[in-house]
Amino acid sequence: MLQFDMTHALPFLPPNWLSSRLDGLTNSRGLLEKGNGLGGYFTGWVRYPETYDREELDRLLQTARIIRDQSEVLIVVGIGGSYLGARAVLELLTSPNYNLFCKKTPQVFFTGNTLSSDALNELLEYVADKDFSVNVISKSGSTIESSIAFLLFRQLLEKKYGRAGARDRIFATTDRKKGTLRELANQEGYATFSVPENIGGRYSVLTAAGLLPLAVAGLPVEELLAGAYDAMVRLRQPGQDNPAWQYAAARHALYEDGKNIELLASYEPSFRFFGEWWKQLFGESEGKDGVGIFPASVEFTADLHSMGQYIQEGVRDLFETVVRFSIPRSSCLLDPKPGDHSGLDYLRGKDLRYVNEQARRGTALAHADGGVPNLLVSVDERTAYWVGQLIYFFQYSCGLSGYLLGVNPFDQPGVEAYKDNMFALLGKPGYEEKRKNLVDRR
Ligand code: PA5
């Protein structure tokens, strides 16, 4: 099971950091279990690893095989919770360079997460002479970034394969019943998969929103679900030794002590997009009503040479959560020869795994000595099973944390402000009043 280690945070915490929060945690757990807290309808993810639709998963795996057979490239269209989870897991389980190394599975590109014409044109040009399929993911079915990207890639597919041919290459993941994308998919006869109504975007990576692109890339999605299931069984049990309770309580205690920023760090470069997923999960769930820890992420050791100075000596409002994979996949024995002048003789016979681990230990000690509490989350290996555990651990901790903070962890009302202004400036029908207020402002 996933391990949670507080050694380098305890000196910063009062003796009652956990005991004083047990009532709050018991209450938060009850709200997640019963779904009767703020936003409680959107707690479908709590039991999802055991309640998911097995038939839909079988169909998804069959569809993934079809996409693999017919495509050199899969274009995944989606943004926020309809994008970050799939990319996070794909990169973490393979590599940020998946598209360079994939031999037997299609390249996977993520778009629909930008309004940059340069970025969209680059990808449209890249796939123009390739066989490709599109998985468009949008729960609401009306998000502007993904709607525009889908329009452009659908038009390209129809030009290339005809409308009927395009139909066989478009796969829509959306709400089961409602929304613009659902209506279009029904009308055109696209194959569809659903994001359950009671699961919000940032909690949806284990649904078809994450699993279809991952299955196309040949990843064992059942193992991801199995890891999440085992974590679910453990973490739904109340108690002081529950790692999600400890993490939520420690974060809350540190926040109350003025630690406003949490840095998620790992010593694996493939973890970078998992950090992006985690930032949305915690940032969108907690940052509201004038409260919330600001989630940031760093990649070590790379960022020790850029952000390390600030972390060590800047404003002391940070704490750090490190995710560690205890058993690296590969080894790399260092063998500097006498006369190499590498300056690395002292590492002769050492494995790079050992060097990376000493960097982690040394950094944890330095940062703690410098006033940055360190939390450590360890799983055994960088495999689908353990990543499933990590996903469920962070989702469950986030639900507990949001309720401890007294906010609704499942809404995102603040996201609407930019959209309202943008739609008004773009002249979208229904935004005329808003437009009048904006035109004279820069
Ligand atoms: O977590 C969320 O709810 C959001 O990040 C959404 O996933 C994101 O805005 C995309 O929405 P949709 O899936 O409706 O296109």
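Source: prediction; values computed, not measured.

Peer 1: Is there a simple way to explain unusual backbone geometry in this structure?
Peer 2: In most cases, non-glycine residues show a negative phi, while peptide bonds are predominantly trans. Cis peptide bonds are those with omega within 30 degrees of zero, and the linkage from phenylalanine 300 to threonine 301 qualifies with 10°. Mapped onto the elements, threonine 301 comes out in the loop between β8 (294-299) and α13 (308-313). At aspartate 289, a residue that is not glycine, the phi angle is positive and equals roughly 55°. Within the fold, aspartate 289 resides in the loop between α12 (272-286) and β8. Taking relative accessible area as the criterion, aspartate 289 reaches 66% and is therefore assigned exposed. With a phi angle near 55°, histidine 341 is a residue other than glycine that sits in the positive phi range.

Peer 1: Got a minute to help me understand the site of the ligand in this structure?
Peer 2: If you check the shell around the ligand, you find 13 residues, and the closest are Ser82, Ser138, Ser140, Thr143 and Gln280. One of the side-chain N or O atoms of serine 82 is found 2.6 Å from an oxygen atom in the ligand. Side-chain polar atom of serine 138 to an oxygen atom of the ligand: 2.6 Å apart, as the coordinates give it. Expressed as a share of its isolated accessible area of 390 Å², the protein-covered part of the ligand is 86%.

Peer 1: Looking at this structure, I do not really get the sheet that holds strand β9 (residues 318-325). What am I missing?
Peer 2: Remark on secondary structure: sheet strands pair via backbone hydrogen bonds, oriented parallel or antiparallel. The strand order β1-β10-β9-β7-β8 describes an open sheet built from five strands, whose pairing is mixed. Both outer strands of the open sheet, β1 (3-5) and β8, are each paired with one neighbouring strand and no more. Across the sheet, the axes of successive neighbouring strands diverge by a mean angle of 20°, strand direction being ignored. Note that β9 and strand β10 (residues 374-379) share six bridges and pair parallel. From the neighbouring strand, threonine 321 faces β10, where its bridge partner is leucine 375.

Peer 1: When you look at the sheet that holds strand β2 (residues 73-77) in this model, what are you seeing that I'm missing?
Peer 2: One open sheet accounts for five strands, arranged β3-β2-β4-β5-β6; its pairing is parallel. Each of the sheet's edge strands pairs with one partner strand only, and the pair in question is β3 (107-111) and β6 (191-194). Adjacent strand axes in the sheet meet at a mean angle of 20° when their direction is disregarded. Across four bridges, strand β4 (residues 132-137) lies against strand β5 (residues 170-174) in parallel orientation. Bridge pairing links isoleucine 137 to threonine 173 in β5. Along the sheet, helix α7 (residues 144-167) makes contact with β2, β3, β4 and β5, crossing β4 at roughly 140°.

Criteria and cut-off values
- Chains are numbered independently. Their residues run from 1 in the order of the written sequence.
- Owing to the predicted nature of the model, reporting of local features is limited to residues with pLDDT of at least 70; listing and counting of side-chain atom pairs is limited to 80 or more, with chain, interface and lining totals taken over all residues.
- For side-chain calculations, the full set of non-hydrogen atoms in the structure is used, while hydrogens and water are omitted.
- Every helix listed is a DSSP run of H or I at least four residues long, and every strand listed is a run of E at least two residues long, numbered separately from the N terminus.
- Think of it in three bands: residues with accessible area under 20% of the maximum for their type are buried, residues over 50% are exposed, and the middle band is partly exposed, with areas taken using a 1.4 Å probe on protein chains only.
- We call a residue near a given molecule or strand whenever any one of its heavy atoms falls within 4 Å of it.
- Within 3.5 Å is the distance limit for a polar contact, defined as a pair of N or O atoms, with the added protein rule that one can donate a hydrogen and the other accept it, and that residues adjacent in sequence qualify only through two side-chain atoms.
- The protein chains shown are the only cover counted for residues, whose accessible areas, like all others here, come from Shrake-Rupley with a 1.4 Å probe.
- Pairing between two strands is assigned when DSSP locates at least 2 bridges connecting them.
- Throughout, an axis means a line fitted to C-alpha atoms (over the contacting stretch in the case of helices), and angles, computed between N-to-C directions, take values from 0 to 180 degrees.
- Any two residues having at least one pair of non-hydrogen atoms within 4.5 Å are treated as being in contact.

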